[in-house]
Every structure is written in C-alpha cells, then in structure tokens.
4 protein chains.
Amino acid sequence: MRMVPKLTLMDADSIMRACFKKAGEIGVDMDIAITDDGGNLILFKRMDNARITSIDIAMGKSFTASAARKSTRAYGEISVPGKPAFGINTSNQGKFSIVAGGLPLFAGEQIVGGVGCSSGTPDQDEIVAQAGVDAFLMMQNY
Amino acid sequence: MRMVPKLTLMDADSIMRACFKKAGEIGVDMDIAITDDGGNLILFKRMDNARITSIDIAMGKSFTASAARKSTRAYGEISVPGKPAFGINTSNQGKFSIVAGGLPLFAGEQIVGGVGCSSGTPDQDEIVAQAGVDAFLMMQNY
Amino acid sequence: MRMVPKLTLMDADSIMRACFKKAGEIGVDMDIAITDDGGNLILFKRMDNARITSIDIAMGKSFTASAARKSTRAYGEISVPGKPAFGINTSNQGKFSIVAGGLPLFAGEQIVGGVGCSSGTPDQDEIVAQAGVDAFLMMQNY
Amino acid sequence: MRMVPKLTLMDADSIMRACFKKAGEIGVDMDIAITDDGGNLILFKRMDNARITSIDIAMGKSFTASAARKSTRAYGEISVPGKPAFGINTSNQGKFSIVAGGLPLFAGEQIVGGVGCSSGTPDQDEIVAQAGVDAFLMMQNY
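All values reported here derive from a predicted model rather than from experimental measurement.

1. What about the overall build of chain A?
Here comes step 1: Per the secondary structure count, chain A includes 4 helices and 5 strands.
Here comes step 2: In chain A, the succession of α and β elements from N to C terminus is β-α-β-β-α-α-β-β-α.
Here comes step 3: For 142 residues, the compact-globule formula gives about 14 Å, and the C-alpha radius of gyration of chain A, at 14 Å, lands near that figure.
Here comes step 4: Taken along the three principal axes of its C-alpha coordinates, chain A extends 45 × 45 × 20 Å.
Here comes step 5: Here chain A, with 142 residues, has 61% of them falling under the buried criterion.
Here comes step 6: Considering only contacts in chain A between residues 6 or more positions apart, those separated by 24 or more positions represent 63%.

Structure follows, in structure tokens:
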C-alpha cells in the first residue's frame, strides 16, 4: 500500500465557497460539483437559476477532471474530428465530458479531485471552476 | 398557468444544516441529497466517512420522495412480494428507491421537494431526513 | 486533507494469487475482481471455464464490498422482503450486489478496497474471496 | 458446428506481460484489457498511476477490437464527420471505441480476441497494445 492525500468535505466546502464568490461576480447562476480522486461526488450545489441539464453536466465535468486528471477543455481540444481523442466522450456511460468547465485538483503531483461547473458558457464555467482551484492552492500554502 | 412554491438553494441549505446536526447527534456520517418538485437535485453532501454506494442511494431516495410524493419507507411497505407495488424499484432506471430514508417536503398540500439520506441503517437514515423535514416545517411558520 | 492508505496493483496481484490457489483447491473456475476504496477496478481475471455473466457479477460484488464497506452476504441478509434494505440492489445502476462472494478489504479501520468472486455457488465464491482477504491481512503483518 | 480457437487466460497473461514490458519502456502507467472473441473480458490490470476514466476506455477499446475485428484507430478514421461510420461510437451503450489503442488478436484468419490500452496518448496506447499483439503472434509460431 501507499499513502495518498484525500479531499475532505471541509476542503470541498471551501472550494465551493470560492466558486460561488466568482459566480456572483460574473453574475451567472451555476451548477457546481466537486469529486474526490476516485471520481466520486463529495459536494453539489445548484443555484436557483442554474440549468437542470447542467446538474448532470457539472457532475460529468467534475468526474472527468478528477478521474482523467486533466481539464475537460484540454480533452475538448484533442477530441475534435481528426484529432486523436475524437469520440472519447461516449465512454464511461457518457459521463466523460469534453466541454470546458471541469478542472482537476492536485496536491503537488498527486490528483485529489476535480471541480465541474455548468450553466454559463463553457468559458464562464471554467472561470468559476478556476476560482475553486485557486482557492484550493491557496489553502495548501497555509 | 398556476403559481407554485419552489424550493430555493437557501431553503435546501437550511434543511441540510438540520440533517447534519442530527447526523452528528446520532454519530453517523451520511450522504444527504435534496431535490426539488421536479425530482431534480439542488444540494448534495457526502460526509468524510459516508459510503460511496450511498451517493447514488441518497439521490435515489430524494428523487423518489419528491417525484412520487411519498416516503420511500411507505413504498417499501407496498413493494414486498404480493403487495401492489412489488417490482416498482426497477423503474426510473433503478432510481426508484423503496428503502427508508427518503421523505417528501410539502408546503401545505403542495409537494416542493424531497430529502434522501443514506449510509446508516434505513431507520437512522430516516431519522436524519426527518430532522430536515421538521426544520423545513418550522421555517414555514416564520 | 487527510492521508489514507491506497491499494497498489502489487497488493491486488497478491490477493488474486491467494484467490486462485483457493479456487484451485475447491476445483471451481472463477471470475475475480479487485477494486480500490473508490470502488474502481484494479484487477480482473476470468478463468477458462468461468461464466460470462459472472464477469459483471464479480465486478458488482467487488464494487459493493469496497464502496459500501460490507460483505455482499451481509447486504443479502438485510435485503430479503420485509427487511430494511429490500430493493437496494437496483441502486447504483444495478451494480449493488446482494449475493454472497464480495468482501471488503480493510487496513485497520480504514477501507482500502474489495474482492468479488463469482461463477461457483455464492458460498464457494465467498470462500475464494475470503482467501484473498486472509492473504491481505497476512501481508499487513509483515 | 465448427471448431474455433479460443484464447485462454494463460494466453492473456502472456499478452499482458508483453504490454507491461512495453509500457515500462515508454514510461507510461496504463489500464490494459484483454477480451475474447465474444468481446467478453478475460483480463484487466490498472497500473498504480493509470487513469480511472481509462478503466472503461481500455475495456471499450478491447471490446471493439475483438467484437468488430478491427483496430479502433481504423474505426476512428472512418468515423469522422462525412465518413461512413460517423456516429458509430454511440452504439453498444457507448462502448464502441473509435480512439486508437485497441487491436484485434487473430489466429490466422480467425478472430480470437482483442487488446485495449488507455491512459497515455492514443499513439502510446496503441504501441503498448501492439506489443501484446506481437507477443501473441510470436507465441503462435512455437
């Protein structure tokens, strides 16, 4: 066996708070999901005017970012027709998201989870997810 | 058209807080899900020692209680072999839960959502869900 | 964050070897799956005369034992009609197994994974899974 | 009836060993799946730093290569928009993979199985799968 760091609900709550702050700043109601290193959900919140379809999309982005250790935007770029990962989004029962807005959470080199946002444009979604990642990095420096 | 009351994320946060308080009192880490009247997820939290399988189960209980407007325990009682709802739990892609721990949220006669808890015994799960329902009823009296 | 032990492929290989030894002793070809603490597959082997249906069943047992932290037999006992968990096996997209043959792997109090066996009778399946668990406990004492 | 050759677990173990050797040489931890002529899993291994999402992807590649008797790369080429197989990857519950890294195993003209690798780039995945195929061809010459 080896020892690995594990995200707690308290960590997830702090990340969520930073995402909410940013979503408020840009004025877009969001669905936000946070998963652990195994891709399993820890925390999910849907703001009052966020989309219903984005419940599943936010979870898919968060799952993908944590379980594939890469941003969903990066997967999107290599998944257009003619690129090597084209078609990858039908894997994992369709949960593999290639739409921007999912970011991995690392503790040093070690993957510990992911944040997925949906309901704005993919660019807006990623800005909100990034605020969560930034807060998480800040937390680790204290 | 008609006007219907709609659960907000703020409502869900208050319900969740009451569930957490009760889970702390009985000393069991839980997965807790809160859905709206459409059966769609608003809020989900997994405590650090709650079960991974209970992520889906808590969501299923919450979905069922809100979308079928009845406690999952009540469905469990009429779903044993020979009873009229036997087999109902395979419907809705298996999300129809007949295990106690899912309770509907009403505003008067009107369904507005559901709470689903999982990770303890079904009895413990229902106690925690009930604490959420009680808090919601209290909120309506103010 | 908190630090938790994580099962390695080398651990899983050792557990698998012990299961194979026991399956050979009782003379039954098996499908055997080993998952980590997040319920995600690490290792799977199907012996030449093991059942095709048992590929999925072994994986479901292993998933359930690790992600619910309990033997699938224990879930089976509380899932007969009239018991509190009746109907729980339709959750988790039907991957929640209540058939004996899935056992959790603990490192002290901490869940680290699960073993699931299928293709014999459920009693035989559990004997083979138990051989894997025993080997894992032995490994921890060295 | 007719007699057909059937891959054994011992064959699969040898193929896996060759894949592991190559993955070590190129320095990428992989998820590797080997299926029989029916598309059914015989053997699966996830290395310690391989991706969680690649569990399903490796299985999908292996399934596709064996059950469609063609490399997943070849399917990728004819599945871009405007080409005849465009959209084929949503079939078979999304398990039909069109991402390189899945190769069929033939005994002469007869399909006997497939190897699927995932976690590197699709090119790296295919190199590792090819090492398995090469080893299998060598084995048949003895």
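2. Thoughts on the interface of chain A and chain B
Here comes step 1: Counting residues at the interface gives 17 residues for chain A and 17 residues for chain B.
Here comes step 2: When the buried surface of chain A facing chain B is broken down by residue, Leu 9, Leu 41 and Arg 46 of chain A rank first, second and third, together holding 35% of it.
Here comes step 3: Taken together, the links from chain A to chain B amount to 4 salt bridges.
Here comes step 4: Taking the shortest distance from any N to any O, the salt bridge between Lys 45 of chain B and Asp 13 of chain A comes out at 3.1 Å.
Here comes step 5: Remark: the boundary between chain A and chain B carries 13 residue pairs in polar contact (both at pLDDT 80 or more).
Here comes step 6: If one sorts the elements of the side of chain A that touches chain B by residue count, strand E3 (residues 41-46) of chain A sits on top with 6 residues.
Here comes step 7: Here the side of chain A that touches chain B is composed, by residue class, of 10 nonpolar, 2 polar and 5 charged.
Here comes step 8: Pairing between E3 of chain A and strand E2 (residues 41-46) of chain B: 3 bridges, direction antiparallel. Opposite Lys 45 of chain A, over in E2 of chain B, you have Leu 43 of chain B as the bridge partner.

3. Regarding the relation of the copies chain A and chain B
Here comes step 1: In the superposition of chain A on chain B (RMSD 0.1 Å, axial shift 0.1 Å), the rotation amounts to 179°. Both copies are brought into coincidence by an operation consistent with a two-fold rotation axis. No C-alpha of chain A lies nearer the rotation axis than that of Phe 44 of chain A, which sits 2.5 Å from it.

4. Looking at the relation of the copies chain C and chain B
Here comes step 1: The operation relating chain C to chain B is a screw motion whose rotation component is 92°, with 0.1 Å of axial translation and a residual RMSD of 0.1 Å. Expressed as a symmetry operation, the mapping of one chain copy onto the other fits a four-fold axis.
Here comes step 2: Here only 14% of the contact residues of chain C are again contact residues in chain B; the copies associate through non-equivalent surfaces.

5. Remarks on the sheet that holds strand E1 (residues 31-36) of chain D
Here comes step 1: With antiparallel pairing, 8 strands are arranged side by side in an open sheet as E4(C)-E5(C)-E2(C)-E3(C)-E2(D)-E1(D)-E4(D)-E3(D). If you trace the sheet from one side to the other, it starts and ends with strand E4 (102-107) of chain C together with strand E3 (102-107) of chain D, each paired once. When the angles between neighbouring strand axes are averaged without regard to direction, this sheet yields 15°.
Here comes step 2: Two elements, strand E2 (residues 31-36) of chain C and strand E5 (residues 110-118) of chain C, share 6 bridges in a ladder whose sense is antiparallel. Note on E5 of chain C: the bridge partner recorded for Thr 35 of chain C is Gly 114 of chain C.
Here comes step 3: Most of the contacts of helix H1 (residues 9-26) of chain D go to strand E2 (residues 41-46) of chain D, to which it runs at about 30°, and overall it touches strand E3 (41-46) of chain C together with E1, E2, E3 and strand E4 (110-118) of chain D.
Here comes step 4: Of the strands in this sheet, E3 of chain C together with E1, E2, E3 and E4 of chain D are in contact with helix H2 (residues 53-68) of chain D, which crosses E4 of chain D at around 160°.

6. Here's the deal with helix H4 (residues 122-140) of chain C
Two residues of an α-helix separated by three or four positions point the same way, owing to the 3.6 residues in each turn.
Here comes step 1: Over its 19 residues, H4 of chain C runs 27 Å from end to end, which matches the ideal 27 Å to within 8%, given 1.5 Å per residue.
Here comes step 2: Residues of H4 of chain C that are buried make contact with helix H1 (9-26), E2, helix H2 (53-68), helix H3 (72-77), E4 and E5 of chain C.

7. Describing the interface of chain C and chain B
Here comes step 1: Taken together, the contact pairs 21 residues of chain C with 18 residues of chain B.
Here comes step 2: Counting across the chain C and chain B interface gives 0 salt bridges.
Here comes step 3: Here chain C is connected to chain B by 12 residue pairs in polar contact (both at pLDDT 80 or more).
Here comes step 4: Classifying every residue of the side of chain C that touches chain B by side-chain character gives 10 nonpolar, 7 polar and 4 charged.

8. Considering the pattern of salt bridges
Here comes step 1: Under the criterion given, the structure shown has 35 salt bridges over all chains.
Here comes step 2: Here Asp 125 of chain B and Lys 61 of chain B are joined by a salt bridge, their closest N and O atoms 3.0 Å apart. Here Asp 125 of chain B is found in helix H4 (residues 122-140), whereas its partner Lys 61 of chain B is found in helix H2 (residues 53-68), with 64 residues between them in sequence. Comparing Asp 125 of chain B with Lys 61 of chain B, the two get one shared label, buried.
Here comes step 3: Lys 6 of chain C is the partner of Asp 36 of chain C in a salt bridge, and the nearest nitrogen-oxygen pair spans 4.0 Å. You can see Asp 36 of chain C sitting in strand E2 and its partner Lys 6 of chain C sitting in strand E1 (residues 2-6), a full 30 residues away along the chain.
Here comes step 4: Asp 36 of chain C gets classed as buried once you look at its relative accessible area, which sits at 2%.
Here comes step 5: Within this structure, Lys 6 and Asp 37 of chain A, Lys 6, Asp 36 and Asp 37 of chain C together with Arg 46 of chain D form a network of salt bridges that share partners.

9. A look at the confidence of the model for chain A
Here comes step 1: Averaged over chain A, the pLDDT score is 97; the fraction of residues at 70 or greater is 99%.
Here comes step 2: Interface scoring of the predicted complex returns ipTM 0.97; its pTM is 0.97.

10. Let's talk about the packing of H1 of chain D against helix H4 (residues 122-140) of chain D
Residue and element names in this part refer to chain D.
Here comes step 1: Direction vectors running N to C along H1 and H4 enclose 140°, while the axes themselves pass 8 Å from each other. As judged from the angle between their axes, H1 and H4 are oblique. In the packing of H1 onto H4, the handedness of the crossing is right-handed. Packed against H1, whose contacting residues are Asp 11, Ser 14, Ile 15, Ala 18, Cys 19, Lys 22, Ala 23 and Ile 26, the element H4 presents Gln 124, Ile 127, Val 128, Ala 129, Ala 131, Gly 132, Ala 135, Phe 136 and Met 139 at the interface.

11. Observations concerning the state of the cysteines
Here comes step 1: Here the structure, examined in full by the defined rule, presents 0 disulfides over all chains.
Here comes step 2: With no disulfide of its own, Cys 19 of chain C lies closest to Cys 117 of chain C among cysteine sulfurs, the gap being 4.6 Å.

12. Quick notes on the packing of aromatic side chains
Here comes step 1: On inspection of all chains with the given rule, the structure shows 4 aromatic pairs over all chains.
Here comes step 2: Measuring from centroid to centroid gives 4.8 Å for Tyr 75 of chain B and Phe 96 of chain B, while their planes differ by 90°, and the two rings are edge-to-face. With Tyr 75 of chain B in helix H3 (residues 72-77) and Phe 96 of chain B in the loop between H3 and strand E3 (102-107), the pair connects residues that are 21 residues apart, well separated along the chain. The pair Tyr 75 of chain B / Phe 96 of chain B is uniform in exposure class, with both members buried.
Here comes step 3: In this structure, Lys 45 of chain D is placed above the aromatic ring of Phe 20 of chain D, and the distance from its NZ or CZ to the ring centre is 5.5 Å.

The rules behind these values
Residues numbered from 1 in each chain as written. Chains lettered and ligands numbered in written order. Predicted model: local features only at pLDDT ≥ 70, side-chain atom pairs only at ≥ 80, totals over all residues. Heavy atoms only, no water. Helix = DSSP H or I, 4+ residues; strand = E, 2+ residues; numbered from the N terminus. Rg over C-alpha atoms; globule rule 2.2 N^0.38 Å. Buried < 20%, exposed > 50% of the residue type's maximum accessible area, 1.4 Å probe, protein only. Contact = heavy atoms within 4.5 Å. Buried area = accessible area lost by both parts, 1.4 Å probe. Salt bridge = Lys/Arg side-chain N within 4 Å of Asp/Glu carboxyl O. Polar contact = N/O pair within 3.5 Å; in protein donor to acceptor, adjacent residues only side chain to side chain. Nonpolar A, V, L, I, M, F, W, Y, C, P; charged D, E, K, R; others polar. Pairing = 2+ DSSP bridges. Least-squares fit on C-alpha atoms with pLDDT ≥ 70 in both. Axes fitted to C-alpha atoms, helices over the stretch in contact; angles between N-to-C directions. Expected span 1.5 Å × (residues − 1). pLDDT = per-residue confidence, 0-100. Parallel < 35°, antiparallel > 145°, perpendicular 65-115°, else oblique. Left-handed = near helix turned anticlockwise from the far one by under 90°. Disulfide = S-S within 2.5 Å. Phe/Tyr/Trp six-rings, centres within 6.5 Å; stacked < 30°, edge-to-face > 60°. Lys NZ or Arg CZ within 6 Å of the ring centre and 35° of its normal.

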